[in-house]
Amino acid sequence: MAAFSHAVSDDSIVRNLKESAVEKRRAEEVLFSRYMYLINEGIHKYSLTEEESFNAYSDSILQTIYNVTNDNFENRSSLKTYLYRIFSNKCVDLIRKKTTNKSSVHQTAPVSDMLSVISDPAKTIIQQLVEKADYEKLKSCLAKIGETCRQLLTMFSEGYPDKHIAVIMEYKSADVVKVSRLRCLDKLRQLYV
């Protein structure tokens, strides 16, 4: 796949991202695998963890795909330069979030920590209500994101490794499963809010 991905031109990727499902999926795979080295750059240049860098990279890929398919990519630069700019901005945003006082706003206390302050009988009632409300909301949102996303997220939540999900759901690779999962989680996050 690596040799094939470098043989595909930027114009071909851009064109195929706007095509039907099969061509689009191939173009997404090529785009994702071609610039994966940026993950290491995020780790070394921006001092991010591997997970943070991977998430920034995946978000950048998703943003690039979205911009290309919605004609926001104007071909003023190479696809690599365009993606790199988005990736760099996402890395800087992560650094800012971690190093400013704003990060404390995003750090919420887990329900379990808050429950430790409440008396035991009230704790179990509140915990049951929260769990039931969360479950109902999640169930409702999962019904709206589509069968493929629901199946992928269900398998992931049950502990299936990406390699197994790729085989079962007929994805090309575990990396494609990761990108698809992030896209599905993004859909779910938008509905959940």
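Residues numbered from 1 in each chain as written. Predicted model: local features only at pLDDT ≥ 70, side-chain atom pairs only at ≥ 80, totals over all residues. Heavy atoms only, no water.

(A) Structural context of the overall build of the chain. Scanning the chain for helices and strands turns up 12 helices and 0 strands. Reading the helices (α) and strands (β) of the chain from amino to carboxyl end gives α-α-α-α-α-α-α-α-α-α-α-α. In the chain, which comprises 193 residues, the share counted as buried stands at 32%. Long-range pairs, those at least 24 residues apart, make up 59% of the contacts in the chain with a sequence separation of at least 6. As displayed, the chain has an accessible area near 12300 Å², and 54% of this comes from carbon and sulfur atoms. (Helix = DSSP H or I, 4+ residues; strand = E, 2+ residues; numbered from the N terminus. Buried < 20%, exposed > 50% of the residue type's maximum accessible area, 1.4 Å probe, protein only. Contact = heavy atoms within 4.5 Å. Areas by Shrake-Rupley, 256 points an atom, 1.4 Å probe, with all protein chains shown as cover.)

(B) Layout of unusual backbone geometry. The backbone phi angle of Ser47 is positive, close to 55°, even though this residue is not glycine. Position of Ser47 relative to the elements: it lies in the loop between helix H4 (37–45) and helix H5 (50–69).

(C) Representation of the packing of aromatic side chains in the model. For the structure shown, the criterion picks out 5 aromatic pairs. Ring geometry for Tyr35 against Tyr37: centres 6.3 Å apart, planes inclined by 65°, an arrangement best described as edge-to-face. What makes Tyr35 buried here is its relative accessible area of 6%. Here the aromatic residues Phe32, Phe54, Tyr57 and Phe87 are joined through ring pairs into a cluster of three or more. Over the ring of Phe54 we find Lys178, and its NZ or CZ is 5.2 Å from the ring centre. Over the ring of Phe156 we find Arg181, and its NZ or CZ is 4.0 Å from the ring centre. (Phe/Tyr/Trp six-rings, centres within 6.5 Å; stacked < 30°, edge-to-face > 60°. Lys NZ or Arg CZ within 6 Å of the ring centre and 35° of its normal.)

(D) Spatial organisation of the state of the cysteines. Across all of its chains, the model carries 1 disulfide by this definition. Shown here is the disulfide that connects Cys149 with Cys184, its sulfur atoms set 2.1 Å apart. Taking the torsion about the S-S bond as the criterion, the Cys149 to Cys184 disulfide, at about -75°, is left-handed. Pair noted here: Cys149 is in helix H10 (residues 147–157) and Cys184 is in helix H12 (residues 174–192), with a separation of 35 residues, a long-range link. (Disulfide = S-S within 2.5 Å.)

(E) Local environment of the packing of helix H2 (residues 10–17) against helix H3 (residues 21–34). Interhelical geometry of H2 versus H3 gives an angle of 135° and a closest axis separation of 8 Å. Judged on the interaxial angle alone, H3 and H2 are oblique. Seen from above, H2 lies across H3 with left-handed handedness. Counting all contacts with H2, which are made through Asp10, Ile13, Asn16 and Leu17, the residues of H3 involved are Glu23, Lys24, Ala27, Glu28, Val30, Leu31 and Arg34. Its residues assigned to classes, the contact of H2 with H3 comprises 5 nonpolar, 1 polar and 5 charged. (Axes fitted to C-alpha atoms, helices over the stretch in contact; angles between N-to-C directions. Parallel < 35°, antiparallel > 145°, perpendicular 65-115°, else oblique. Left-handed = near helix turned anticlockwise from the far one by under 90°. Nonpolar A, V, L, I, M, F, W, Y, C, P; charged D, E, K, R; others polar.)

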